[in-house]
Amino acid sequence: MTGKIIDGKARAAKLRADVAEIVAGFHKAAGFTPGLAVVLVGEDPASQVYVRNKGRETLASGMRSLEHRLPAKTAEAELLDLVARLNADDGVDGILVQLPLPGHISEPAVLAAIDPQKDVDGFHIVNVGRLSVGLDALVPCTPLGCTILAREAMSDLTGAEAVIVGRSNIVGKPMAQLLLKENCTVTVAHSRTRDLADVCRRADLLVAAVGRPEMIRGDWVRPGATVIDVGINRIPAPEKGEGKTRLVGDVAFAEAAEIAGAITPVPGGVGPMTIACLLANTVTAAAMRRGLEVPRF
Ligand code: GUN
């Protein structure tokens, strides 16, 4: 092991502490406590875990957590009605509708219905557009967390060659916008990119968000590069016993850690940053909507 392992768990704890301090400041100076509303439709087990964790961390930061759990058969109109009520509720600073939604509900229609000022996921077209033209915006939590980790691992991102593997609306595309804002030279590669390994080898900063277990090998990493692994993939682990599994990223960690200058592990890298960034986005949304000084993370 030569590369430095980036401790996302510790950085997320610091971010949560910063958020808690801002929340306490809002209460003292402006007399309000930010509220985050999370909406879960159906009983998807992974979503239930995420929503429970979001609620717990929201409360731990001193904010109000409002959970709305609706049955899987909820009509789209009923969900849109709830979103409209949350939009109109002055005590709600952030709204997150947990994805995926049941098949009979249009995700684009629901995301479009959320007030962009309360869109703590940063998925609304208005926030996507604002980010792309360099205006203040609420930005998706996972790429925001990656940017914070990369900024600190590399000290100066200006002029760095950044290669993002993955072009999703949730990670790859907003990641590209955020790294452009940091003055990187950005390449967005994906599973169909020709000579993908060679493209990755150009990177001073390599962000892996393809969703394929250990696809990015050690010899795709430029010596000394910073590697940020967004992937969370569960694979069989027969060495741990029959039927056991383990989590791996999109990067072959043991190989890449020999070559990289710094690298995020899975678990314990990007993952913990995502919910912490959701809390950060909630205080950002509260400050922007209420005309207060907007914190910088
Ligand atoms: N489901 C999995 N990740 C996310 C996320 O970041 N936001 C929402 N709303 N749903 C998700």
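My aim in this report is to walk through the structure given alongside it, one point at a time.

1. Things to note about the overall build of the chain
Then, number 1: A count of helices and strands for the chain gives ten helices and eleven strands.
Then, number 2: For the chain, the spread of C-alpha atoms along the principal axes amounts to about 50 × 45 × 35 Å.
Then, number 3: Burial statistics for the chain: of 297 residues in total, 49% are counted as buried.
Then, number 4: The contacts in the chain between residues at least 6 apart in sequence include a share of 66% that link residues at least 24 apart.
Then, number 5: Of the charged side chains in the chain, 33 are positive and 34 negative, and the gap between their average positions amounts to 1 Å.

2. Regarding the packing of aromatic side chains
Then, number 1: Enumeration over the complete set of coordinates arrives at one aromatic pair.
Then, number 2: A centroid spacing of 5.0 Å and a plane angle of 25 degrees characterise the contact between Phe 26 and Phe 32, whose relative ring orientation is stacked.
Then, number 3: Here the basic side chain of Arg 290 rests over the ring of Phe 32, its NZ or CZ set 3.8 Å away from the ring centre.

3. Some thoughts on the pattern of salt bridges
Then, number 1: Counting across every chain of the model gives 14 salt bridges.
Then, number 2: Among the charged side chains, a network of salt bridges with common partners joins Asp 90, Asp 93, Arg 289 and Arg 290.

4. Points about the site of the ligand
Then, number 1: Around the ligand, the surrounding shell consists of Leu 96, Val 97, Gln 98, Leu 99, Asp 121 and Phe 123.
Then, number 2: The side chain of Gln 98 places a nitrogen or oxygen atom 3.1 Å from a nitrogen atom of the ligand.
Then, number 3: Note that a nitrogen atom of the ligand is positioned 2.8 Å from one of the backbone N or O atoms of Leu 99.
Then, number 4: Considered on its own, the ligand offers 280 Å² of accessible surface; in the complex 75% of this is hidden by protein.
Then, number 5: The class makeup of the residues in the shell around the ligand is four nonpolar, one polar and one charged.

5. Examining the sheet that holds strand E5 (residues 161–165)
Then, number 1: The strand order across the open sheet built from six strands is E1-E11-E8-E7-E5-E6, with neighbouring strands paired in parallel fashion. On the outer flanks of this sheet lie strand E1 (4–5) and strand E6 (185–189), each paired with one strand and no other.
Then, number 2: Pairing of strand E8 (residues 226–229) with strand E11 (residues 262–263) involves two bridges; the strand directions are parallel. Opposite Thr 226, over in E11, you have Ala 262 as the bridge partner.
Then, number 3: Contacting strand E7 (205–208), E8 and E11, helix H6 (residues 141–154) runs over the sheet at an angle of about 160 degrees to E8.
Then, number 4: Against the sheet, helix H7 (residues 172–181) makes contact with E5, E6 and E7, and its axis sits at roughly 170 degrees relative to E5, the strand it touches most.

6. Details of the nonpolar core
One broad rule of soluble globular proteins: the nonpolar side chains tend to lie buried together.
Then, number 1: Grouped together as the largest cluster of nonpolar side chains are 52 residues, with contacts concentrated most on Leu 15, Val 19, Leu 157, Leu 179, Leu 205, Val 207 and Ile 228.
Then, number 2: Broken down by secondary-structure element, the contributors of at least two residues to this core are helix H1 (8–30), strand E2 (35–41), H6, E5, H7, E7 and helix H10 (270–289).
Then, number 3: No other element matches H10, which puts eleven residues into this core.
Then, number 4: If we skip the residues at most four places from it in the chain, Leu 15 touches Ile 148, Met 273, Ala 276, Cys 277, Ala 280 and Phe 297.
Then, number 5: Val 165, Val 199, Cys 200 and Ala 225 belong to the second largest nonpolar core, which has 21 residues in total.

7. Brief notes about the environment of Gly 129
Then, number 1: Along the chain, the position of Gly 129 falls in helix H5 (residues 125–132).
Then, number 2: On the basis of relative accessibility, which here comes to 28%, the residue Gly 129 falls in the partly exposed class.
Then, number 3: Sequence separation of Gly 129 and Cys 277 is 148 residues, and the distance between their C-alpha atoms is 20 Å.

8. Description of the side chain of Glu 57
Then, number 1: Checked against the element boundaries, Glu 57 lands in helix H2 (residues 45–60).
Then, number 2: With residues near it in sequence (within four places) discarded, Glu 57 still touches Arg 16, Ile 275, Ala 276 and Leu 279.

9. Some words on the sheet that holds strand E3 (residues 64–70)
Then, number 1: The strand order E3-E2-E4 describes an open sheet built from three strands, whose pairing is parallel. Bordering the open sheet on either side are E3 and strand E4 (94–97), each of which pairs with just one other strand. Each neighbouring strand pair of the sheet contributes to a mean axis angle of 15 degrees, computed without reference to strand direction.
Then, number 2: Here seven bridges tie E2 to E3, and the two strands are oriented parallel to one another. Its bridge partner lying in E3, Ala 37 is registered against Leu 66.

10. Some details on the side chain of Asp 229
Then, number 1: Secondary-structure assignment places Asp 229 in strand E8.
Then, number 2: One buried charged residue, Asp 229, forms no salt bridge at all, with the nearest opposite charge on Arg 217 at 10 Å.
Then, number 3: Not counting chain neighbours up to four residues away, the residues in contact with Asp 229 comprise Ala 208, Gly 249, Asp 250, Val 251, Thr 264, Val 266 and Val 270.

Conventions used here
- Residues numbered from 1 in each chain as written.
- Predicted model: local features only at pLDDT ≥ 70, side-chain atom pairs only at ≥ 80, totals over all residues.
- Heavy atoms only, no water.
- Helix = DSSP H or I, 4+ residues; strand = E, 2+ residues; numbered from the N terminus.
- Buried < 20%, exposed > 50% of the residue type's maximum accessible area, 1.4 Å probe, protein only.
- Contact = heavy atoms within 4.5 Å.
- Lys, Arg positive; Asp, Glu negative; His and termini not counted.
- Charge placed at Lys NZ, Arg CZ, Asp CG, Glu CD.
- Phe/Tyr/Trp six-rings, centres within 6.5 Å; stacked < 30°, edge-to-face > 60°.
- Lys NZ or Arg CZ within 6 Å of the ring centre and 35° of its normal.
- Salt bridge = Lys/Arg side-chain N within 4 Å of Asp/Glu carboxyl O.
- Near = heavy atom within 4 Å.
- Polar contact = N/O pair within 3.5 Å; in protein donor to acceptor, adjacent residues only side chain to side chain.
- Areas by Shrake-Rupley, 256 points an atom, 1.4 Å probe, with all protein chains shown as cover.
- Nonpolar A, V, L, I, M, F, W, Y, C, P; charged D, E, K, R; others polar.
- Pairing = 2+ DSSP bridges.
- Axes fitted to C-alpha atoms, helices over the stretch in contact; angles between N-to-C directions.
- Core = buried A, V, L, I, M, F, W, Y, C linked by side-chain atoms within 4.5 Å.

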